[in-house]
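# Coordinates in review
Take a look at the letters that make up each chain.
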Amino acid sequence: MAIASQYSKSIGLKLLVAFVLILGVAAFTRIFAGNASAHGYLESPASRSSLCQQGQNTNCGQIQYEPQSLEAIGSFPQSGPEDGKIAGAGKYPELYAQTPDRWKKVTMNGGKNTFTWHLTARHATSEWKYYITKKGWDPNKPLARADLDPTPFCYVNDGGAIPGQTVNHECNVPTDRSGYYLILGVWEIADTGNAFYNVIDVNLVNNGTGTDTTAPTSPSNLLATATTSTSVTLGWNASTDNVGVTGYQVYRGTALVATVSGTTLSYTDSGLTANTAYTYSVKAKDAAGNISSASNTISATTTGGTIDTQAPTAPGNLRVTATTSSSLALAWNASTDNVGVTGYQVFRGTALVTTVSGSSLTYTVTGLTASTAYTFTVKASDAAGNLSAASSSLSATTSADTGASAWIVNKAYLAGDLVTYNNVVYECRQPHTSLTGWEPANVPALWQVK
């Protein structure tokens, strides 16, 4: 009897555990199924994130793989991302950056334009709103509400309807301004309280009333404020403009050597030869592309001193640290120099891809083709312009195009979504919102190796 009783208790305990597990999985599925949300982005004119995906904007961070994921609290402008973080929906800091030349611009005319959204997941929609930056806005600081005209220039009320995969809106873009402006498209979701935020960097062309054809005044009082054996530091007085100065172009002789922001009134020209005379001038520009006449021309002579002719050592241990179907992440060991390494040049084959600062020992090459072999080398440079020998050549192949994107924390996933994590492709088994600690390799109940 004692043995039979113990056996019955064991069977009962196993049945209870099985019942609890079944209830838990059912509840888990209900909870996370309700968290799935819509996704979409402005495809035409191409938004900042869309151009990141295309590789026309670079150094975009994770959004280059997820242009449809710029989601935040809705009810803009009363709610939504905080000022300075609107362009990245408060989640993607690379998109907060704002200078006149940071992002590729889409040229468009004022008047009637069609705005096209590509939806990767459809959802009941309350409204669509389009805002534009004010005349005289400052393109040198991250986008804030105060930079936008308070009233949308285009508004569409969907009343909770579910849109198609492609959504087109015909909107009248303002014709009273020209030059560089931002257009902010906001897609308000009806049943989640969230919205999607897409910024378009626009070179706006208007040939009628309101076109800015007035160039800034010339910068004045250009001076050499400091010299070394390899550099000349310049300073000048600000120009004025009827709308606003967005930048200054610095010329050494007839060669353009740098463009600085409209709030910067100095520049250090480095990599020069000791005991040598150089001539400089500066021009101002505005958002419409108008260029001022040149400032006064000055001559500045670098000091004597020892000329640095010693090149840095070649970078070592060039390697690949991550691979996707369209990118290869590179890393290398630091070079040394008798004065100091100021930068590294990354080459794909014989073509210069980019130059990174001397403190950076990594770079991700994007816009590549799936299942394709590429060859890379890296060289180090110093302030005197000396260039090291190339690192050892590295051959690396992009992965096959699986349609998967990188796994992201706090993103809503649907069943069937494909992601990559540690170079392995996983398929979502049931809807959920990702959390730290829920990496695909750690939660087989949610992810399975594809």
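See above for the structure.
These remarks concern the structure in this document. (Residues numbered from 1 in each chain as written. Predicted model: local features only at pLDDT ≥ 70, side-chain atom pairs only at ≥ 80, totals over all residues. Heavy atoms only, no water.)

## A word on the sheet that holds strand β18 (residues 328-333)
To summarise the sheet geometry, strands pair through backbone hydrogen bonds and adopt either a parallel or an antiparallel arrangement. One open sheet holds the 3 strands; their spatial order is β17-β18-β21, and the pairing between them is antiparallel. Both outer strands of the open sheet, β17 (316-323) and β21 (362-365), are each paired with one neighbouring strand and no more. Within the sheet, the average angular offset between the axes of one strand and its neighbour, ignoring direction, is 25 degrees. (Pairing = 2+ DSSP bridges. Helix = DSSP H or I, 4+ residues; strand = E, 2+ residues; numbered from the N terminus. Axes fitted to C-alpha atoms, helices over the stretch in contact; angles between N-to-C directions.)

## A few points about the layout of surface pockets
Roughly 1,200 Å³ of volume is contained in the largest pocket. Taken together, 47 residues form the lining of the largest pocket, with Y65, E66, A404, S405 and A406 sitting closest to its centre. Of the residues that constitute the lining of the largest pocket, the class distribution is 19 nonpolar, 24 polar and 4 charged. (1 Å grid on protein atoms, 1.4 Å probe; cavity = no way out; pocket = protein on both sides within 12 Å on 5 of 7 lines; lining within 4 Å. Points joined across faces, edges and corners; volume = space filled by probe spheres on them. Nonpolar A, V, L, I, M, F, W, Y, C, P; charged D, E, K, R; others polar.)

## Thoughts on the nonpolar core
Core analysis: the largest hydrophobic core is formed by 56 residues, its most contacted members being F115, Y130, F153, I183 and L184. Listed by contribution, the elements that provide at least two residues to this core are α2 (48-54), β3 (106-109), β4 (111-121), β5 (125-132), β7 (166-173), β8 (179-189), β9 (194-205) and β27 (424-428). Grouped together as the second largest cluster of nonpolar side chains are 16 residues, L328, Y344, V378 and L394 included. (Core = buried A, V, L, I, M, F, W, Y, C linked by side-chain atoms within 4.5 Å. Buried < 20%, exposed > 50% of the residue type's maximum accessible area, 1.4 Å probe, protein only.)

## A word on the packing of aromatic side chains
Aromatic ring pairs are described here by two measures, namely the spacing of the ring centres and the angle between the planes. Applying the stated criterion across every chain yields a total of 15 aromatic pairs. Between the aromatic rings of F115 and Y130, the centroid separation amounts to 4.9 Å while the plane-to-plane angle is 40 degrees, which identifies the pairing as tilted. One end of the pair, F115, is in strand β4; the other, Y130, is in strand β5, and 15 residues separate them in sequence. For the pair formed by F115 and Y130, the shared burial category is buried. For the ring pair W407 and Y421, a centre distance of 6.0 Å and an interplane angle of 80 degrees mean the geometry is edge-to-face. Here Y421 lies in strand β26 (residues 418-421) and W407 lies in the loop between β24 (405-406) and β25 (412-413), a separation of 14 residues in the sequence. (Phe/Tyr/Trp six-rings, centres within 6.5 Å; stacked < 30°, edge-to-face > 60°.)

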